[in-house]
Amino acid sequence: MTTVSDVPTSPAPPTSAGPAPIPHFAAAEGVTSPGARLRAVRQAAAEFRPWFAATGSPDYVGTFDLVTLPYPTRFGLWRAARTPSPYLWITNRLIVVRWQEAGRRRTLLFEPSDVELGGNTPYFAALTARLPRRAEPHVVTRHAGVLEHLRRLGIGVEEVDYLVFDHLHTQDVRRWIGTTQPQPDISPARPVEPVFPNARLVVQAAELAAIADLHPLQRPWYQPQTYAHLRSEAVVEVSGDLLLGPGVALLSTPGHATGNQSLCLNTHSGIWVSSENVIAAELLTPEHSAIPGVRAWALETGQEVVLNANTLEDTAEQYNSCVKEKCIADRSSRDPRFLQFFPSSELTAWRLSPGTRPTFSQFGIGHGALR
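A quick note: this is a predicted structure, and the numbers were derived from the prediction, not measured. (Residues numbered from 1 in each chain as written. Predicted model: local features only at pLDDT ≥ 70, side-chain atom pairs only at ≥ 80, totals over all residues. Heavy atoms only, no water.)

### A few points about the overall build of the protein
In plain terms, the rule: To qualify as a helix, a DSSP run of H or I must reach at least 4 residues; to qualify as a strand, a run of E must reach at least 2; elements of each kind are numbered from the N terminus. We compute the radius of gyration from the C-alpha atoms alone; for a globule the expected value is 2.2 Å times N to the 0.38, where N is the number of residues. Relative accessibility thresholds used throughout: buried, under 20% of the residue-type maximum; exposed, over 50%; partly exposed, between the two (1.4 Å probe, protein chains only). When checking whether two residues touch, look at their non-hydrogen atoms; a contact exists if any pair is within 4.5 Å. Accessible surface area values rest on a Shrake-Rupley calculation with a 1.4 Å probe, where residue burial reflects the displayed protein chains alone. Charge assignment: positive for Lys and Arg, negative for Asp and Glu; neither His nor the chain ends contribute. Every charge is mapped to an atom, namely NZ of Lys, CZ of Arg, CG of Asp or CD of Glu.
The secondary structure content of the protein amounts to 11 helices and 18 strands. Computed over C-alpha atoms, the radius of gyration of the protein comes to 20 Å, within 12% of the 21 Å expected from 2.2 N^0.38 for 371 residues, which places it in the range of a compact globule. Overall, the C-alpha framework of the protein stretches about 55 × 50 × 40 Å when taken along its three principal axes. Relative to its 371 residues, the protein shows a buried fraction of 58%. Considering only contacts in the protein between residues 6 or more positions apart, those separated by 24 or more positions represent 71%. If you sum the accessible surface of the protein, you get close to 15,100 Å²; carbon and sulfur atoms cover 53% of it. Within the protein, the 35 negative side-chain charges are centred at a point lying 6 Å from the centre of the 33 positive side-chain charges.

### Here we look at the pattern of salt bridges
This is how it is decided: The term salt bridge refers to a side-chain nitrogen of Lys or Arg lying within 4 Å of a carboxyl oxygen of Asp or Glu.
Taken as a whole and assessed by the stated rule, the structure comprises 19 salt bridges. Here R152 makes a salt bridge to E148, at a shortest N to O gap of 2.5 Å. One end of the pair is R152 and the other is E148, both in helix α7 (residues 146–153) and four residues apart, which spans about a single turn. Here D172 makes a salt bridge to R174, at a shortest N to O gap of 2.8 Å. The exposure class assigned to R174 is buried, which follows from its relative accessible area of 3%.

### Describing the confidence of the model for the protein
Going by this rule: The pLDDT value tells you how sure the predictor is about a given residue, anywhere from 0 up to 100.
For the protein, mean pLDDT is 93; residues scoring 70 or higher make up 95% of the total. Counted against residues more than four places away or in other chains, residues 5–10, with its pLDDT under 50, gives six contacts.

### Some points on the packing of aromatic side chains
Note the following rule: Pairing of aromatic rings covers Phe, Tyr and Trp, the last through its six-membered ring, and needs centres within 6.5 Å; plane angles under 30 degrees mean stacked, over 60 mean edge-to-face, and all others mean tilted. Here, a charge over a ring is recorded when the distance from Lys NZ or Arg CZ to the ring centre is within 6 Å and its angle to the ring normal is within 35 degrees.
As enumerated under the stated definition, the model contains 14 aromatic pairs in all. Seen from their ring centres, Y123 and F124 are 5.4 Å apart, and the 85° between their planes marks the pair as edge-to-face. Here the two residues Y123 and F124 agree in accessibility, since each one is buried. Considering the side-chain rings of F338 and F360, the 4.8 Å spacing of their centres and the 20° angle between planes classify their relative orientation as stacked. Pair noted here: F338 is in the loop between α11 (315–328) and β16 (341–343) and F360 is in the loop between β17 (345–348) and β18 (367–368), with a separation of 22 residues, a long-range link. For the pair F338 and F360, a shared accessibility class is recorded, and that class is buried. Aromatic rings pair up to connect Y71, F75, Y123, F124 and W221 into one cluster. The lysine or arginine in question, K324, covers the ring of F25, its NZ or CZ lying 4.1 Å from the ring centre.

### So, helix α2 (residues 34–53)
Under the convention used in this document: Take the number of residues in a helix, subtract one, and multiply by 1.5 Å to get its expected span.
With 20 residues, α2 should cover 28 Å at 1.5 Å per step; its first-to-last C-alpha distance of 28 Å lies within 8% of that length. Along α2, the residues classified as buried are R37, L38, V41, A44, A45, F48, W51 and F52. Against the buried residues of α2 lie α1 (26–29), β12 (242–245), β13 (248–252), β14 (261–267), β15 (270–275) and α11.

### So, the nonpolar core
We count it as follows: Only buried residues count toward a nonpolar core, which is a set of Ala, Val, Leu, Ile, Met, Phe, Trp, Tyr and Cys residues joined through side-chain atoms within 4.5 Å.
Within the largest apolar cluster, 52 residues are counted, with the highest numbers of intra-cluster contacts made by F48, F52, C264, L283 and I328. Those elements that provide at least two residues to this core are α2, β3 (60–72), β4 (87–101), α5 (122–129), β13, β15, α10 (294–301) and α11. In terms of residues, this core owes the most to one element, α2, which gives six residues. L94, V160, V203 and Y222 belong to the second largest nonpolar core, which has 28 residues in total.

### Some words on the environment of L208
With respect to the element layout, L208 can be found in helix α9 (residues 205–212). Residues L208 and T258 lie 50 residues apart in sequence; the distance between their C-alpha atoms is 9.3 Å.

### Quick word on the environment of P19
Positionally, P19 belongs in the loop between β1 (2–4) and β2 (20–21). Distance from P19 to L244, taken between C-alpha atoms, is 4.3 Å for residues 225 residues apart in sequence. Ignoring anything within four residues of it in the chain, the contact list for P19 reads Y162, L242, L243 and L244.

### Notes on α10
Rules: By construction, the arc corresponds to the directions joining the helix axis to the C-beta atoms.
Listed as buried for α10 are V294, W297 and A298. What you see down the axis of α10 is that its buried residues fit within an arc of 100°, all on one side. Facing away from the buried side of α10, by more than 90 degrees, are the exposed residues L299 and E300. One or two residues past the end of α10 sits G302, with phi positive at roughly 75°.

### Quick look at the side chain of H256
Defined as follows: Pairs of N or O atoms within 3.5 Å make up the polar contacts considered here, provided that, within protein, one atom can donate a hydrogen while the other can accept it, and that residues adjacent in sequence are counted only when both atoms are side-chain atoms.
Along the chain, H256 falls in the loop between β13 and β14. Classification of H256 as buried rests on a relative accessible area of 1%. There is a polar contact of 2.7 Å between the side chain of H256 and the backbone oxygen of N308. Leaving out residues up to four positions away in the same chain, H256 has contacts with Y71, H167, H169, E276, N277, N308, N310, T311, E313 and Q318.

Right, here's the structure in full:
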């Protein structure tokens, strides 16, 4: 298993080739008081932004719908919404990023969910079991899969270098990177051959440790048995923030999950941040939300973000991570009240969920062109 852990004492030069640790937030991570750490995160974000913008931009960023499905309102809008609907709907999307590194083209897939196998996650498997089979097509919309999107783009599976998820809730990556032993459910006779033979899964060490010894709060959201026999050479274990390429970074944003990480991109419209720490851009500026209850809740509590909180593993940590994302992302050119935050699973208007229609939706990020 590859590791990236040595953090330099000064930022790597913007022109450096290959993955490099980003030290800007290291001091904030060492602060034990959540309130003091929050102030340190704001200061570090202000210093990080111009440095990151100077690293350049990727050649291409595109986003593609995978699945739209129900999700508990009490998780996605936490305590803020006033709605009788127990469920809202979210759309999970794939982000494809390409850049040049030392004359070689690199391809990263962010949130390349294997939707079929992800359905075996204990929480969603139990939800499906309670749902009449004939009702599923009316509440779940499956768009194109990861491989179909790549075929349409003309990207071969052998061209993919990195697979990244903001966290591994619901994710099963065995088909993507392969296994060392047969798998009774999908390959009982022989080890799983990787669909992406050259790709490496980049994951925070803290999340791998969590999967190996899950807490009861975490168990409904993981499939730990699917990580037992992954090809070790296809997994890159990292700790903290990492610059992958020009205008492409992974930022440690723990809280929603122990090893949560966010994708940060510098595009022609400015800096974007993507994760599932919140499920709508307006939840980072809730004072501008028209979702019933959200604005009033933010004003009453004095809280500046509305968390996506299904496990509450570390609420203060997640709050601080959301502020980290909020302080890095640029304002939207479409509506400056909102930020260029792209939820990896975005709140989606749905006829069966009154009172949860988003005020503002991103739908996608478009930058550059495929060569």
